[in-house]
Every structure is written in structure tokens, then in C-alpha cells.
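Topology and contacts: notes
Listed below, chain by chain, are the residues.
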Amino acid sequence: MGSPGIRAETLRIFKIVHTWTGLVAGLLLFLAFYAGAITVFREDIAEWQAMVPHRPTEAALQDVDPLVAKVVATYPEARRSVMVNLPDGHESSAEAVWYAPDGEPSYARRGSDGDLLPGDAAPHRLSVVIDNLHRTAGIPGLAGEVLLGSIACIYGLALVSGVILYLPALRRDLFALRAGRNLKLWWQDAHNSIGVLSLPFHILFALTGAVMSLHDPMLAGMNTLIYGDQGRPMLMRTALAIDMPRPRGEAAPMLPVAELLAHAREHIPGLTPHHLIYVHPGDRAGFTVLMGDQEGVLGHTSRVVLSSVTGERLAVEKASERPTGMSALSSLAALHFGDYGGSPVAWIYFCLGMAGAFLFYSGNLLWLEARRKRRAQSSAWHHQALARLTVGFCLGCCLAISVLFVAARVPLIAQGGALLPTFWGSVALALLWSAMRQPVLGARDLLAASAVASACIPLSTAVVAVTGNGGLLLSGVDLAALGGAVIFALLARQVACRARETAGGSVWDAPRPAMQGEGDSRPSEQAV
Amino acid sequence: MAHELPAKTLAGIMLGMPLAFALCGLYGYLGPGTLQDNYLVVLWLLLPVWTAVMSMTFVCRSGLRAWGWLILGNAAGFGLLALVRHWLAASA
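What comes next concerns the included structure. Here the structure is a predicted model, which is why all the values come from computation and not from measurement.

Some thoughts on the packing of helix 13 (residues 381–408) of chain A against helix 15 (residues 419–436) of chain A
Between two packed helices, the angle of one axis relative to the other and the distance separating the axes together describe the packing. All names here are of chain A. Across the interface, helix 13 lies against helix 15 with an axial gap of 7 Å and an inter-helix angle of 145°. Of the two possible hands of crossing, helix 13 and helix 15 adopt the one that is right-handed. When its residues are assigned to classes, the contact of helix 13 with helix 15 shows 17 nonpolar, five polar and one charged.

Here's the deal with the sheet that holds strand 4 (residues 116–118) of chain A
Residue and element names in this part refer to chain A. Taken in spatial order, the eight strands of this open sheet run 4-3-2-1-5-6-7-8, and their pairing is antiparallel. A single partner strand is all that each edge strand has here, and the edge strands are strand 4 and strand 8 (313–317). The average undirected angle you get between the axes of adjacent strands in this sheet is 20°. Judged from the three bridges that link them, strand 1 (residues 81–85) and strand 2 (residues 95–99) form a sheet pairing that is antiparallel. Along strand 2, the bridge assignment pairs Asn85 with Glu95. Relative to strand 1, helix 3 (residues 57–74) is tilted by about 155°, and along the sheet it contacts strand 1, strand 2, strand 3 (105–110), strand 4 and strand 5 (272–279).

Details of unusual backbone geometry
Residue and element names in this part refer to chain A. With a phi close to 55°, Ala137 is a non-glycine residue in the positive phi region. In this fold, Ala137 is placed in the loop between helix 4 (126–136) and helix 5 (141–173). Notably, Asp229 is not glycine yet its phi reads approximately 65°, a positive angle. Its location among the elements puts Asp229 in the loop between helix 7 (199–225) and helix 8 (232–240). Judged by local crowding, Asp229 falls into the exposed class, with 7 C-beta atoms found within 10 Å.

Side note on the packing of helix 1 (residues 8–39) of chain A against helix 13 of chain A
Residues and elements named next belong to chain A. With their axes 9 Å apart at the nearest point, helix 1 and helix 13 run at an angle of 25° to one another. Overall, the two elements helix 1 and helix 13 adopt an arrangement that is roughly parallel. As helix 1 packs across helix 13, the resulting crossing turns out to be right-handed. Across from Leu27, Phe30, Leu31, Tyr34, Ala35 and Ile38 in helix 1, the residues of helix 13 making contact are Phe393, Cys394, Cys397, Cys398 and Ile401. Classifying every residue of the contact of helix 1 with helix 13 by side-chain character gives eleven nonpolar, no polar and no charged.

Considerations on the interface of chain A and chain B
On the chain B side, the residues contacting the 27 residues of chain A number 25 residues. Those elements giving two or more residues to the side of chain A that touches chain B turn out to be helix 1, helix 5, helix 7, helix 8 and helix 10 (324–337) of chain A. Looking at which element gives the most residues to the side of chain A that touches chain B, the answer is helix 7 of chain A, with nine residues. Its residues placed into classes, the side of chain A that touches chain B shows 19 nonpolar, seven polar and one charged.

Parameters and conventions
- Residues numbered from 1 in each chain as written.
- Chains lettered and ligands numbered in written order.
- Predicted model: local features only at pLDDT ≥ 70, side-chain atom pairs only at ≥ 80, totals over all residues.
- Axes fitted to C-alpha atoms, helices over the stretch in contact; angles between N-to-C directions.
- Helix = DSSP H or I, 4+ residues; strand = E, 2+ residues; numbered from the N terminus.
- Left-handed = near helix turned anticlockwise from the far one by under 90°.
- Nonpolar A, V, L, I, M, F, W, Y, C, P; charged D, E, K, R; others polar.
- Pairing = 2+ DSSP bridges.
- Contact = placed C-beta atoms within 7 Å.
- Buried ≥ 20, exposed ≤ 12 C-beta atoms within 10 Å, placed from the backbone.
- Parallel < 35°, antiparallel > 145°, perpendicular 65-115°, else oblique.

This is the structure we're talking about:
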């Protein structure tokens, strides 16, 4: 291990840091990565659930003018500003969002009869629920963002300490995947190789994830500690690209959105907006921010700011023409989402996300395996508890997400907004199950259950199609679920084989009659 | 605890975070570009800088030294930040 320049003592400290940051953050990071890898395909999932393709932006734009007019007329709070989400990712039509002075959002969309449909559609939408699990573990409000943001910070520390720790050994072992009789070495090699080979990706995610979750408290801190309470105008300017004008109190008709878009395209040709912000709608000083991605540019969200009344250009901020620091940052944000390169890049992100999830699962297992030397140790209650917690939570999340897809096809659950409770209910059941069984048997059962649940996903599509409610037949999501079912089944089979082995002294051993009474008082389970 | 990790961790969180604000604040005022241009860069620098501070805290020989260095660092950082702001306000 010894490397010139790094004291042995330092390495020891970083090993402790790496272990504890991993143990503390590992479980939630597993959920964040697993759900995040699936969120890459949010648009496909939204279409899969709706069973109709997304409306093109041009079609949804027809709803914008009546929607904004009605929202502003009905809700006084929307008169300061109202945002319109256009088809992109989760969104399949136009959705208006506006905020109360305390920051509480309200939502509305347009029904088929032209009436306003108020209310948050998020709890009914599978892709949004999975995205929320990815970003906040489903915990609403600032608490969830701060929790996951802090987890991302701990993850950053785990990365730094992991790199320092394995730097000396890495030059030797990076591409060595010692497949052989020593299963523990294989897991250790896989953990190290995946950790190092996808390191740039992990640094990117720790950083962008943490900043995206924690920007509100961080901006508040910057305002107090750095800018002497003068930070708000800079924030508003950053958010809106112009200084916020005061309303004149004089009503003036707004240009239709089609005309605004035509003006915007004079400045950024081919701009397809995914968000519109109407500030002071209906006032003479009102302006509209059109936000969209610029084709062929790796950078997040170009913006055109126009007067809502005259269409006059107030500001243009192209992703391709930002100051150096800003353009680097906007590419960072774009790199987090991975929606810049079509389906090949989406699949690469999916695989990297799944590999990341594996990293956290294997990290916990390795810590346990390192403590298998003596039989008495492996049945220490806290090793048993961690093994069961890791298996129950991680594999429970896999199971619960597959269950979610099937549940999204059940009108009672999806329309009743019970998707999130379904997820946590499934995880709770998985935890309960793994608490009652030997870890290796719990893992086998949960993987088998995940295989069954995944296989039910295309089945649920078929049922809806056959009963005549659906337009789309088997989509990519169904095929991917089928592939997932096969992988889960193979893993379950592998774990079942492992359960029959008797390596001795590992928490992964299935109990054998000879081992009973050795600190393990539970009744013996029959190994497959 | 042999490595005094709890004391170091606490120091890194309670004092390392403000130190990161002070260092990034200095970049905000002195870095290339206007205060406005640097605003978001400061936001993105905060956590990498904090991670670096935190990692260096772990390398400190003892918990007490970690607290000492971080108190000194904060005093220097915020002192410098106040000076720079005062100087810029005077020259504007």
C-alpha cells in the first residue's frame, strides 16, 4: 500500500473516512442512482404510462395563450409571474405553474373542454415519481433536497478518500479482475474498477447533484456571508437574464405565443422552448422569457427575453456565447441530464447509473466480507443487521420500482396519487422479509420477486391493450422490463447457487444444521 | 478515538463551510469577470472547495490543530473579504 508521499497514517484515516461515508450514504445513493438511471428514459416512461406519444411542442403551444389568460384571471397570485412547462421529458402538454409569496407552487393545465384543470399532476405520473425518488427520495419540499444534497456531499468525500486510498494500488490492479475461486477478490476488484473507470462521471454527479439540491440554502449563505445582503438582485438577474422591472399598473394586451416565438427565433434560429416565464402578465412592463435548448450546443438552456406587449428584444443569452465560467457550468448541468446525444448517450448514462448503484451495494458487502475471518464475527448482530438492511433496502428498491410500473397501470393507484406510498410500502415489505431471513436467502427471494414484478410490466401493457384502453402496443419500456426480468432471474439463480456453497464465516452463508446455536438462535432455513 | 475523527469532522463541517464561503467570496470579487458573471461560478465552487477543506482537515495531526487552523483560516478569509469589499466600495 505504501506510496511515496502519502503517510501510512493518512491512508489509515482516509480508509476510515471512506468506510463511514460509504456506510452512511450508501443506501440512499443506491436509490438515487437506480432511480436516476431509469429517469434517463423519463420521456419514454411518460409516453408508456399515457400510452400515447407526447404532443409536439407546436401543438402544445396552442394551449398556452388561453391557459395563461385563464390562470391570470382566476388566480391573483399568478399576476406576478406564471411559468408554462412545455412538452419535454415528463411533460406531455402545456402546464402552468405559479408561486404563492411563501414559495408554495400551484399547477393548472387545460382540459379537453378548454376548462382549467387545477392541481398537481405529479403524484399520478410515474416518470415524475421516479424522478422525485432520484432527487429527494420522495421526501417533499426542501427537506428532501437538503437530505439528498448532503448525501451527495458525503459522496464527494467518499470519492476523494477512495481515490487517495486506492491510488497506490490502482496502477497495479486497475484492469485486474481476478475472476476465480476467491469471490471476495472479484467483488473488491469490481468495486475498484467501476469506481475508478467511472470516476469522472461520479465526480460530475456528486458535484452537479449536490449543487442542484442545495442551491437554495447555498444562495442564502452567499447572500449573507459574501455579498452583505446585496445578492438578491444578482440572483434575479441570473434567473431572468434581465433586471426585474416594476409593473406599470397599466394594462396592455400580450402578443400571442406564436408571435413571441417567431421573434425569439430571429435571435436564436430553431429554438424549441421547453419553458416560458410570463412576468407581470397583462401589464405594459410585462416580459416573457423563452427558455429552450440550442441545437448542436452542449450547454443548458438558452434564453430570449422579449417584451410581452411589443415583442421587443430585452435580452438574449445563448448557451454557446456565455462567459467562459458560465458556459463551463451550463455544460456541467447538461452533462448531468445526459439528454444531449439521443439514445446512445441515454443508454450509456443508464449503464453508468446502474454501475454506480452497484458500487454502493458492493461497498457495503465488501465491508461485511472483510469481517468474515472468524465465524463468531459474521454472526455479530450488527453485521447481520447491516447485511439484511443492505439487501432489504437495495434489492427492495429494485423490486419496488418494478412494482411501481405495474401499479401505474392500476387506475385506483395511479389516479388516486398512491404511487409513492406503493413504492415505500413495497420497500417496507422487502425490509421486513429480509429482516426475517438469512441475508443470502433474502437476496435470492427479493431478486426473484423483482424478476416476477418486471415480467408483469409488459403483461400489464398487454392487459390494457387487450381490454381496449390503449393505443400503443409493446414499447421500448416493455422490452427493457423484459430484459430486466431476465437479468433479475439470472442474478437470483446465481445467489441461490451461492447459498448452497459453504465458504464459512461469511454473513452470506445459508445456515446449516451444524452451525446452529452459534450465536444464531433463529430456526434454520432450508437452503433451496 | 485514535484519529480524533469526530472532532475533525465537526470542525470541517462547522468551520470548513464558512471558510469555503470566504474563499469563494474572494473569487467572486477578485476573479475574472464582473461580480455578476462570477455569481454562479461562486455557487459551483463552494462544494468542491469545501470538500478540499474537509479532506485537509482529516490530514491534520489532531482535532485541536484542525480547529486551530480552521479558526485562523476563517479569520484570515473573512478579514480579507471585508477588506476587499471595503476597498472595492471605496474605489467605485
